[in-house]
Amino acid sequence: MTITKFAEVKDKLIAIVSQENVLAEKEAMADYTHDETMGLSSQPDMVVKAENTQQVSAILKLANQYLIPVVPRGAGTGLSGGAVPTAGGIVLSLEKMNKILEIDEENMMIVTEPGVITGALQAEVEKKGLFYPPDPASLDSCHIGGNLAECAGGARAVKYGVTKDYVVGFEAVLPSGEIIKLGGKLLKNVVGYDLISLIIGCEGTLAIITRIILKLVPLPKVKIDLLVPFDNYATASQTIVEIIKSKVVPAAIEFMDKESILACEECLGRQLPFRDAEAQILIELDGDDKEYLEKQAEMVGELCLNKGAQDVLVADTKANQEKLWEVRRKISESLKLTGGLKVSEDIVVPINQMPQVLSQLQELSKKLAVKIVCFGHLGDGNIHVNILKKELADEVWNKILPEAINGVFDITVAAGGTISGEHGIGVTKKKYVPRVLSTAEINIMKQIKKTFDPNNILNPGKIFE
Ligand SMILES: Cc1cc2nc3c(=O)[nH]c(=O)nc-3n(C[C@H](O)[C@H](O)[C@H](O)COP(=O)(O)OP(=O)(O)OC[C@H]3O[C@@H](n4cnc5c(N)ncnc54)[C@H](O)[C@@H]3O)c2cc1C
């Protein structure tokens, strides 16, 4: 941006949101140059904090007039660079739009602004015996608006689905500044094309979401968690297939390998159960009937032991359950702190392909002599494959990394899978999109982008090369 244009735009932005909501100094903008994607950052020209929909609309109108890129931003916990201002311009933060507007018990719905922290939203509805199930491991920091933009998943997707399964309506601002209101407190709605589904998961490239209506379900009264250690990946993953086949539907089935557990131990500073096991699965069962759930837990525990589990640890108090989930939610951060540079892939395959995929990933790790650590939502076929630099020299890492990423995707695609289940494409995965979408499919998507955003000002350079 030229100095004159910068000054002109800055003055106009101050007129829209007031002086305190426009940042233009390098140090003040430091937190907005990156998200949680390792090794990716970029300087915006300005950061603007909007307080309401009208301001978002006015900012987009201005950006369209001056042809300035606008990057919507929630909490910046993204793992594919979606909120990173790679083309400069304005970072539009929704952090001040952080109010829950209504909890409607009659319709079992919540109306909220996008900047509410997901875990805080869950805690509020739970006070009323209601439940918003999608639970990304980042739930203590990510925003509900960011969850819609990425269609966030989480551990409980096995039984409850992902973000899109709970969105019944929202208000959004188009790149032109026009405000649209889609859906409502409606459980059915088939009028016209499904724009709600189109905008959910669009990674902030089609519209900025400013008000959200989510449906809720009754809060299950009882939970039982089982932590089950195994000698190897194959037995652990085959056992998960058997659990699903047994027609029990746990709320969550998470997979953690030994390396993940040891990294967490180091970060949490305490010894964790079954630390010598090559793999662990964490199973959560929930429901309203305690006796029935206990029987299910017994059955699942026995099934695990019959399939070769070393042991079964049962956690039936909230405090013990929290301890188990704390470990699971700390893995990503722990690997970052202990493994140096890491590149995380977020593959999904049919659940019954997982035993074979995990064993092929182990072979790839051996073949390339690079550490590959796996953890994640194995119960819905979505695991996070982390390629760690550890002590590899830069030249070796730079040579091996593309081979490792392509190797991971070769295995995934051959198993009928895809390259992202919940973290999105953003910047880091876009060159791999043609591995799973055809030219015809990509062209339709690019035309949709053009229809929404003819001047390409909204989060440009994301998803597509
Ligand atoms: C430790 C850790 C664990 C994680 N675990 C999970 C997990 O289990 N499941 C999962 O799905 N993800 C997980 N994530 C990834 C991340 O938390 C999610 O993608 C989350 O949805 C991002 O929310 P955010 O508010 O931080 O969004 P940001 O990172 O700020 O933005 C993400 C994208 O959404 C766009 N955006 C943000 N707000 C809006 C809006 N209001 N309107 C339009 N576009 C918008 C941005 O432009 C960007 O493209 C994890 C991340 C970390 C660091």
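Just so it is clear, the model here is predicted, and its values are computed rather than measured. Just so you know, the residues in each chain are numbered from 1, in the order the chain's sequence is written. Two thresholds apply to this predicted model, a pLDDT of at least 70 for residue-level local features and 80 or more for giving and counting side-chain atom pairs, whereas whole-chain, interface and lining totals are computed over all residues.

A. Representation of helix H12 (residues 394-414). The end-to-end C-alpha separation of H12 is 30 Å, in line with the 30 Å expected for 21 residues at 1.5 Å each. Every C-beta atom is placed from the backbone, and the number of other C-beta atoms within 10 Å of a residue's own sets its class: buried at 20 or more, exposed at 12 or fewer, partly exposed in between. Runs of H or I in DSSP of at least four residues are treated as helices and runs of E of at least two as strands, each being numbered from the N terminus. Those residues of H12 that sit buried are Ala 404, Gly 407, Val 408, Phe 409, Ile 411 and Thr 412. Throughout, a residue-residue contact means that the two C-beta atoms, derived from backbone geometry, are no farther apart than 7 Å. Close packing links the buried residues of H12 with strand E16 (342-348), helix H11 (354-368) and strand E18 (382-388). Here a helix's expected span is defined as the number of its residues, less one, multiplied by 1.5 Å.

B. The arrangement of the sheet that holds strand E1 (residues 22-23) in detail. In this analysis, strands are considered paired if DSSP registers two or more bridges between them. Pairing is mixed across the open sheet formed by four strands, whose spatial order is E1-E2-E4-E3. The strands lining the two open edges of the sheet, one partner per strand, are E1 and strand E3 (70-73). Where E3 and strand E4 (residues 90-93) come together, four bridges link them in parallel fashion. Looking at E4, one finds that Arg 73 is bridged to Ser 93. To obtain an axis, a line is fitted to C-alpha atoms, over the contacting stretch when the element is a helix, and the angle between two such axes runs from 0 to 180 degrees between their N-to-C directions. Running over the sheet, helix H1 (residues 3-17) touches E1 and strand E2 (46-49) and is turned about 15° from E2. On the sheet, helix H2 (residues 53-66) packs against E2, E3 and E4 and is oriented at approximately 170° with respect to E4.

C. Here's a closer look at unusual backbone geometry. Non-glycine residue Cys 151 carries a positive phi angle of around 50°. Among the secondary structure elements, Cys 151 is positioned in the loop between helix H4 (144-150) and helix H5 (157-160). Even without being a glycine, Ala 369 presents a positive backbone phi close to 55°. One can find Ala 369 in the loop between H11 and strand E17 (371-377).

D. A look at the environment of Asp 45. By the secondary structure assignment, Asp 45 is in the loop between E1 and E2. Note: C-alpha distance between Asp 45 and Phe 6 (39 residues apart in sequence) is 8.0 Å. Other than its neighbours up to four places away in sequence, Asp 45 contacts Met 1, Phe 6, Gly 88, Gly 89 and Ile 90.

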